[in-house]
Protein chains: 2
Amino acid sequence: MGGLASPYPSGVAPVSPRAGHEDALSALVDLVQDDLEACNRTIVARMDSPVALIPQLAAHIVAAGGKRLRPLLTLAAARLCGYPGPAGGARHVDLAACVEFIHTATLLHDDVVDESQLRRGLASANAVFGNKASVLVGDFLFARAFQLMVADGSLRVLEILSRAAATIAEGEVLQLITQNDLTTTERRYLDVVEGKTAALFAAACQVGAVVADRPRPEENALATYGMKLGTAFQLVDDALDYAADQVTLGKTVGDDFREGKITFPVLVAYAAGDAPERAFWQRTIEQMEQTEADLAEAMALMTRRDAIPATIGRAMRFAQEAKAALDVFPDTPIRRALVAVADYTVQRAR
Amino acid sequence: MGGLASPYPSGVAPVSPRAGHEDALSALVDLVQDDLEACNRTIVARMDSPVALIPQLAAHIVAAGGKRLRPLLTLAAARLCGYPGPAGGARHVDLAACVEFIHTATLLHDDVVDESQLRRGLASANAVFGNKASVLVGDFLFARAFQLMVADGSLRVLEILSRAAATIAEGEVLQLITQNDLTTTERRYLDVVEGKTAALFAAACQVGAVVADRPRPEENALATYGMKLGTAFQLVDDALDYAADQVTLGKTVGDDFREGKITFPVLVAYAAGDAPERAFWQRTIEQMEQTEADLAEAMALMTRRDAIPATIGRAMRFAQEAKAALDVFPDTPIRRALVAVADYTVQRAR
C-alpha cells in the first residue's frame, strides 16, 4: 500500500487501529444503506456508453473503491431534510450519482495534472489507460453528470452544481499557480482548498435541502456544513501526506512534497523555521531540488515546528464549525451521524 | 503559418484565392454582425475569474482568432426562426457564447490529447501554458458554459447541449481507439466525426430554434443541417491535412498522418491500394514507423488513388443534405446565407 511499513511489529495482528473512526462513517452508511446501493446501481448504469473504453475506465476509478463520501453526504442531507417523504422519491439518489461523477471526473483530471501513478493504493487510471483516455473520459463523466441533473429537472440544483464545478476548476488552477511558492498566504491556501475540495462537499450537502424543498436557511446551513467539513478533510489529508506513522490506506506519504505542493503543514513549518530550515524548504519546494533523504528531513522539521498538530488543530476548528452549522436541524440519528462524520474526518489523522 | 510555402511566385500579390469562399461566410457575418459583437463581449466578460491565469489562457485561444463558426450558427439559426422578435431578446447571444465555450474547452483538451504545438498557426495553449493549465482551464470553460445555460433557464437547451457534450467526449474516445487501426470501417469513422465535430454543430443550430420557441420539426431540421454541415466540414479538414497545394491558414499539413489518425482519405487510399501500398500504410499509420519522406509518399499515394477528390465528393453530399434540411424554412437572406455556408465548407478545399 504505497510502500508504507506497518507501524506494528511483524507477527502482531492488531485490532484495526481505525476501527473507531471507520465506525463513524459506517453508522452513516447504515442509515442510508438502501439509498447508497441504489446510487451505486445508478452510477454503473449511467456510466455506460457504446464506446466500451468509457465504462471500462470509469469502472476502474468509480467502482474500484473510495468511500463514496460525497454522494453519502447528498443522501444523508436529503434524509436530514425529510426527503424522501411518505410519497417516496429517488431524486437524491440520482443527484448523489451526479456528485460522484463530478468528483470522479476531477480525480481523472487531477491524476493527469499531478502525473500520479497511484490512486487509493492502486494504479491510477492514467497509469493504466494513458493520459489521453483519462482526460476524455473525465470530460464524458462531467457531461453525463449534467445530463443526469437535466433529467432531474431542477434549475436550482443545476445552478449549485455548475457553480461548484467552475469553483473546483478555479481552485485547481490556483493550486497550480501557488505550487512551489512559499510566499503563498494562508488565506490563498484556504482559497485553493475551498475550491478544489470543499466546494463539492458544500454543493453535495446543499442539494439535499433543495430536493426536500426546504427553505434557504437550511440550504445554507448544509452548504456551510459541507464547506467546513471539506476544508477539515483537506487539511487532514495535507497532514497525512507527512505523517509516516499513520496507517494510511492507499495514500502514499510524500506525494505533496515531491510535487512541490504548498500545503498547510509546509506553510507552518516554513513560517516557524530558522534560516537553514527556510533554505531547506526553498531548495526542496521552490526549486524542486530534492534528494532521497529530503522527505525524512522535511518530516523531522515538521515535528520540530509542530506543523502536524497545528494542521490537525486547524482542521478541528473547521470540523467544529461544520457541526455547529447543523444546529438548525432537530436532533435525529441522521444529524448525529453527520456530526460523527465531522469528528471522523479529523480523527482519521490520529 | 505551419511552415507552408505560398503557392504563388514570390513578388506576385495574388487576389486572395479564397475570397469567394470567405465571402460566403462574411455574408452570414454581415447579417448577424451586432449579435456576433455582443457574443464576443459576452465571451470576454464570462471567461473572467479572480484566478488571473484563467482569462489569460482562455483569451489566448478564445480571443486569438478562429472563425466563430459555431456561435455564428446559433445566432443565424435563431434569426432564421424569427428570434429575436419585435420585443427583442438576447438569449441567442448568451447561448452562442456557451457553444463557443464548449468548443474552446474541447480544443484545449484536444491539444493536450494530440500533443499539438500549433493551433491556427499560433503556438497552442498547452505549448505556452502547459498541459496542466490547459486541462484545468478547459474544465473551467466547460463549467462556465453550463452556468450560462442555467442562467438562460431552458431545460431543453441544457438537455441538448449536455447531450452534445457527452457525445463529443464519446467521439473523442472512439477516435483514440480507432487511431492506428486501418480496419476501421467507414461507418465507425463517421461515428467519430459525428461525435467529435458534428454533434456540436447540430446542437449549436438546434438551440436557435429552441430560443425562438419553434415546433419540433424546425428544431430537427436545424439539427440535421448542423450534423450534415459538421460532417462535411470535418471531411474537408481531413482532406486538407493531405493537400499541400492549399493555402490553409494556420493548419499544418500532415498532422493527422504523423499522429496515425484514421481519416477518410486514408481509408480510401488503403482500400484502393495494392499490396505494397497497404504495407506502406500499415507501417506508417499502424506501426507508426515514419521517415521524413513518408508524408510526400502518402500524398502521392492519395493522388494515385483519388482519395482527396473522393473525400471532397463525400463532403459535397453531406453539404447537399445540409442545404436540403433548410427547405422547411422560407427563402430569406439568412437561409440563403446558411446555404452558402454549406457550399463554403466544401469550397474552402478547392
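Above this text is the structure in question.
Calculation criteria
- Residues numbered from 1 in each chain as written.
- Chains lettered and ligands numbered in written order.
- Predicted model: local features only at pLDDT ≥ 70, side-chain atom pairs only at ≥ 80, totals over all residues.
- Heavy atoms only, no water.
- Contact = heavy atoms within 4.5 Å.
- Buried area = accessible area lost by both parts, 1.4 Å probe.
- Salt bridge = Lys/Arg side-chain N within 4 Å of Asp/Glu carboxyl O.
- Polar contact = N/O pair within 3.5 Å; in protein donor to acceptor, adjacent residues only side chain to side chain.
- Helix = DSSP H or I, 4+ residues; strand = E, 2+ residues; numbered from the N terminus.
- Least-squares fit on C-alpha atoms with pLDDT ≥ 70 in both.
- Core = buried A, V, L, I, M, F, W, Y, C linked by side-chain atoms within 4.5 Å.
- Buried < 20%, exposed > 50% of the residue type's maximum accessible area, 1.4 Å probe, protein only.
- Phe/Tyr/Trp six-rings, centres within 6.5 Å; stacked < 30°, edge-to-face > 60°.
- Lys, Arg positive; Asp, Glu negative; His and termini not counted.
- Axes fitted to C-alpha atoms, helices over the stretch in contact; angles between N-to-C directions.
- Parallel < 35°, antiparallel > 145°, perpendicular 65-115°, else oblique.
- Left-handed = near helix turned anticlockwise from the far one by under 90°.
- Nonpolar A, V, L, I, M, F, W, Y, C, P; charged D, E, K, R; others polar.

Trainee: Describe the interface of chain A and chain B, and please don't skip the residues or the numbers.
Mentor: Contacts between the two partners involve 35 residues from chain A and, on the opposite side, 35 residues from chain B. When chain A packs against chain B, close to 3,400 Å² is buried across both sides, 80% of that on carbon and sulfur atoms. By the criterion of area lost to chain B, the three top residues of chain A are A:K132, A:L136 and A:E170, representing 18% of everything that side buries. Our enumeration of links across chain A and chain B arrives at 0 salt bridges. Where chain A touches chain B, the interface holds 4 residue pairs in polar contact (both at pLDDT 80 or more). For the side of chain A that touches chain B, the secondary structure elements donating two or more residues are α3 (53-62), α5 (91-114), α7 (131-152) and α8 (155-178) of chain A.

Trainee: Mind laying out the relation of the copies chain A and chain B, listing which residues take part and the relevant values?
Mentor: Copy one and copy two of the chain differ by a rotation about an axis and a translation along that axis. After a rotation of 180 degrees and a shift along the axis of 0.0 Å, chain A superposes on chain B with an RMSD of 0.0 Å. Look at the turn and shift together and you get a two-fold axis relating the two. Taken together, the interface assignments show that 100% of the residues at the interface of chain A recur at the interface of chain B, consistent with an identical surface on both copies.

Trainee: Before we move on, can you summarise the nonpolar core with the specific residues and values?
Mentor: Side chains of a nonpolar character, in soluble globular proteins, are inclined to be buried together. By size, the foremost hydrophobic cluster in this structure holds 248 residues, and its most contacted members are A:M149, A:Y225, A:Y242, A:W281, B:M149, B:Y225 and B:W281. Among residues more than four places away in sequence, those in contact with A:M149 are A:L95, A:C98, A:I102, A:S154, A:V157, A:L158 and A:L161.

Trainee: Give me the packing of aromatic side chains: which residues, what numbers.
Mentor: Applying the stated criterion across every chain, the model contains 16 aromatic pairs over all chains. On the numbers, 6.2 Å between centres and 80 degrees between planes, the contact of A:Y242 with A:F257 is edge-to-face. Taken together, the residues A:Y242 in the loop between α10 (216-240) and α11 (255-259) and A:F257 in helix α11 connect sequence positions 15 residues apart. Accessibility assignment for this pair places A:Y242 and A:F257 in one class, buried. Relative to B:F264, the ring of B:Y189 lies with its centre 5.8 Å away and its plane at 50 degrees, an arrangement referred to as tilted.

Trainee: Provide a residue-level description of the environment of A:H109, including the pertinent values.
Mentor: Within the secondary structure, A:H109 is located in helix α5. Spatially, the C-alpha atoms of A:H109 and A:R283 are 28 Å apart, while their sequence positions differ by 174 residues. Beyond its immediate sequence surroundings of up to four residues, A:H109 is in contact with A:S134, A:V135, A:G138, A:D139, B:H109, B:V135 and B:D139.

Trainee: So what about the pattern of salt bridges? Which residues, and what values?
Mentor: This structure, assessed with the given rule, holds 38 salt bridges over all chains. Residue B:D255 pairs with B:R258 through a salt bridge whose shortest N-O separation is 3.4 Å. With B:D255 and B:R258 both in helix α11 (residues 255-258) and 3 residues apart, the pair spans about one turn of that helix. With relative accessibility at 43%, the residue B:R258 sits in the partly exposed group. Between B:E277 and B:R305 there is a salt bridge, with its nearest N and O atoms 2.7 Å apart. One end of the pair, B:E277, is in helix α13 (residues 275-286); the other, B:R305, is in the loop between α14 (294-304) and α15 (307-325), with 28 residues separating them in the sequence. Sharing partners across several salt bridges, the network here consists of A:R156, A:E159, A:R216 and A:E219.

Trainee: How would you summarise the side chain of A:R335 if you had to cite specific residues and measurements?
Mentor: Residue and element names in this part refer to chain A. Topologically, R335 is positioned in helix α16 (residues 333-347). Within the buried set, R335 has no salt-bridge partner at all; the shortest N-O distance to an opposite charge, 4.1 Å, is to D331. Aside from chain neighbours lying at most four places away, what touches R335 is L80, L326, D327, F329 and P330.

Trainee: Go over the packing of helix α2 (residues 33-46) of chain A against α5(A), please, and point to the residues and values.
Mentor: All names here are of chain A. Contact pair α2 / α5: the axes reach a minimum separation of 9 Å and the direction vectors enclose 60 degrees. Accordingly, the angle class assigned to the pair α2 and α5 is oblique. Where α2 crosses over α5, the two elements pack in a sense that is right-handed. Residues D35, A38, C39, T42, I43 and R46 of α2 touch α5, and the partners they reach there are H92, V93, D94, A96, A97, E100 and F101. A breakdown of the residues in the contact of α2 with α5 according to their chemical character gives 7 nonpolar, 2 polar and 4 charged.

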